[in-house]
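Coordinates in review
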Amino acid sequence: MGLFFVCRSEQWPVQRQSEPMNTSTSNVDPAELAKFSDLAHRWWDPESEFRPLHQINPLRLEWIHGLVPLTGLNVVDVGCGGGILADAMARKGAKVLGIDLATKSLKVAQLHALEAGTQGVQYREVSAETLAAEQPAQFDVVTCMEMLEHVPDPASVVKACAQMVKPGGWVFFSTLNRNPKSFLFAIVGAEYILNLLPKGTHEFARLIKPSELTAWAREAGLNAHGPYGRKDGQIFDPV
Ligand code: SAH
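The structure contained in this document is the topic of the report that follows.

Basis of the calculations
- Chains are numbered independently. Their residues run from 1 in the order of the written sequence.
- The predicted origin of the model limits local features to residues at a pLDDT of at least 70 and limits the giving and counting of side-chain atom pairs to 80 or more, whereas totals for whole chains, interfaces and linings rest on all residues.
- A set of buried Ala, Val, Leu, Ile, Met, Phe, Trp, Tyr and Cys residues, joined to one another through C-beta atoms within 7 Å, is what we call a nonpolar core.
- Exposure classes come from backbone-placed C-beta atoms, where a residue is buried if 20 or more other C-beta atoms lie within 10 Å of its own, exposed if 12 or fewer do, and partly exposed in between.
- Secondary structure elements follow DSSP: runs of H or I no shorter than four residues count as helices, runs of E no shorter than two count as strands, and numbering proceeds from the N terminus.
- Whether two strands pair comes down to DSSP finding at least two bridges between them.
- Note on definitions: angles span 0 to 180 degrees between N-to-C directions of axes, and those axes are lines fitted to C-alpha atoms, for helices only across the stretch in contact.
- Once C-beta atoms are placed from the backbone, any two residues with those atoms within 7 Å are in contact.

The subject of this paragraph is the nonpolar core. Among the nonpolar cores identified, the biggest contains 69 residues, and Val142, Cys161 and Val171 are the most heavily contacted of them. Sort the elements by how many residues they give to this core and helix H6 (residues 154-164) lands first, with seven residues.

Put into structure tokens, the structure is as follows:
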């Protein structure tokens, strides 16, 4: 169901094809952003719609930090929302930039950092594609969690992540697998039966198969190291 995926950039700079990427504003679905903006005030309520993200946060943090110790590293978190992961990575000693296109979520993220006294985290309203053009090969680690399934052209975001990472750096993705189990548990179960998530949070056709993510990563010049999964695919084994 949950799909965790890690890729590594080539050790040496690769000559990437300079095909035009999606421009800053085109690769976004305003309805998707609106869904998150409407809930923005609840990002840090662990009992809210964002509960699943709070629950998986320690696991994904340990997955990343276990593979690439974060202290002192330059990290960008793409589609950071209220900063649940960005904040936690900064607390591990990374210098984190969280980016998103939902203004309200970024404000909540900033406020949280202020209130919690988190050092080393900044937030900015900019698309992955624009930041990649502005700051290519600047980040040791790029994270992009639970975001690809909300954009019209996820391959373009994968490519932007590949452009932002330094040669030899790491890119982490997580998303939902497009299979019957996700349909049953993540959509029917979570949205319609248990009311854990608002109806319409995930659209089945937008979920992503591991083979698709692998292909996009390879096309972007990344070496795919994942997915890592237990039987249920929720957990990773980053060996
Ligand atoms: N990565 C965070 C939040 C996941 S929710 C976490 O795992 O805790 C998905 C996020 O993607 C939302 O914050 C939403 O605003 C953001 N998003 C959706 N489309 C986007 C786009 N085109 N560019 C940047 N962020 C986007």
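Read across the sheet, seven strands follow the order E4-E3-E2-E5-E6-E1-E7 without closing on themselves; strand pairing throughout is mixed. Sheet topology places strand E4 (121-125) and strand E7 (222-224) at the edges, where each strand pairs with a single neighbour. When strand polarity is set aside, the average angle formed by the axes of neighbouring strands in this sheet is 20 degrees. Strand direction decides the pairing type here: strand E1 (residues 2-9) and E7, joined by three bridges, are antiparallel. Note that in E7 the partner of Cys7 across the bridge is Ala224. Packed on one face of the sheet, helix H4 (residues 103-116) meets strand E3 (95-100) and E4 and runs near 165 degrees to E4.

Below, the discussion takes up unusual backbone geometry. Leave glycine aside and you will find that most residues have negative phi; peptide bonds, for their part, are mostly trans. Located in the positive-phi region is Ala137, a residue other than glycine, with phi close to 50 degrees. Structurally, Ala137 is set in the loop between helix H5 (128-134) and strand E5 (139-145). If you check the backbone angles, Glu146 has positive phi at about 55 degrees while not being a glycine. Mapping Glu146 onto the fold places it in the loop between E5 and H6.

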